[in-house]
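Next come the chains, spelled out residue by residue.
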Amino acid sequence: MADSSLMDQTFHYVLSTMVERGFAPHYTEVARALSVPPEEGKKVLHELMGTGIPCWFHPGTDFIASFAPLNNLPTQYRITVEGRQKWFAQCGFEALAVCWLFPGRTVTVEAPCLDCGELIRLDVRDGVVEKAEPEGIFGYIDIPRKDWRKNLPYS
Amino acid sequence: MNLFRSEEHARNWAGFGDPQGLLPLDWVRRLWGVAWYRERLNGHFVSGMMDFVPERNAVLKAVTQDRPFWRPA
């Protein structure tokens, strides 16, 4: 098991890289950032993803599919910051947490309503919803909280 | 975990099941505003994340009025 410092560094590197460029690093990049051989980078990344944090690989691969609050595969939750739409939120609820990755900046979340396909739009800055269209937006999940980890991608 | 234009739209959705999973937007904002979510880029999130669990669970309990559907375990 990697030491906690290495796990912290790996977590920070993956998430900050996604913030910076909009997509997740490969494990070889993780290795380079940690100054370890590629296989060691892969091992540390797998250990990190196995800690229970809401992140996962694409099945059967070493490719990061999701790393909360962002998603490495496009979702319907498009994130725009300062006119640049290059991120996707992991889910509708995590979309509200993306603002914490961009302190002091307005994060716009745009998504189609799954019922009617019409647009939902939120402007969120430092945890404050500055604008919500339409009014009366609701979140919904059909899985009890205690069962989320049994199938994180579905949750 | 999805967002809908209104409670009615959520209830109309083909995937709608247990109504206890409905949350007004402000409840989502409060739940995803705790340190567990705010501190992800603090540089020592993994080693310190368990310190955030009590606050996360307390806010969860308060916001959801401790409904069984929302209990962590």
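What you are looking at is a predicted structure, and each value in this text was computed from that prediction instead of being measured.

Asker: Describe in detail the interface of chain B and chain A, supporting the description with residues and values.
Answerer: Counting residues at the interface gives 41 residues for chain B and 50 residues for chain A. Across the chain B to chain A interface the summed buried area is about 4,400 Å²; carbon plus sulfur atoms make up 66%. A per-residue breakdown of the area chain B buries against chain A is headed by M1, L3 and R5 of chain B, which together make up 21% of the total. In this assembly, chain B and chain A are joined by one salt bridge. A salt bridge links E94 of chain A to R40 of chain B, with the shortest nitrogen-to-oxygen separation between them at 2.9 Å. On inspection of chain B and its partner chain A, the count reaches 22 residue pairs in polar contact (both at pLDDT 80 or more). Where the side of chain B that touches chain A is concerned, the elements lending two or more residues are β1 (2–4), α1 (7–12), β2 (22–24), α2 (25–31), α3 (35–38), α4 (45–48) and α5 (53–63) of chain B. The element best represented in the side of chain B that touches chain A is α1 of chain B, accounting for four residues.

Asker: Can you break down the sheet that holds strand β4 (residues 78–81) of chain A residue by residue, with the values?
Answerer: In sheet architecture, strand pairing relies on hydrogen bonds along the backbone and comes in two forms, parallel and antiparallel. Residue and element names in this part refer to chain A. One open sheet holds the five strands; their spatial order is β5-β4-β6-β7-β8, and the pairing between them is antiparallel. Strands at the two margins of the open sheet, each flanked by one partner only, are β5 (84–88) and β8 (128–133). Within the sheet, the average angular offset between the axes of one strand and its neighbour, ignoring direction, is 25 degrees.

The rules we used
Residues numbered from 1 in each chain as written. Chains lettered and ligands numbered in written order. Predicted model: local features only at pLDDT ≥ 70, side-chain atom pairs only at ≥ 80, totals over all residues. Heavy atoms only, no water. Contact = heavy atoms within 4.5 Å. Buried area = accessible area lost by both parts, 1.4 Å probe. Salt bridge = Lys/Arg side-chain N within 4 Å of Asp/Glu carboxyl O. Polar contact = N/O pair within 3.5 Å; in protein donor to acceptor, adjacent residues only side chain to side chain. Helix = DSSP H or I, 4+ residues; strand = E, 2+ residues; numbered from the N terminus. Pairing = 2+ DSSP bridges. Axes fitted to C-alpha atoms, helices over the stretch in contact; angles between N-to-C directions.

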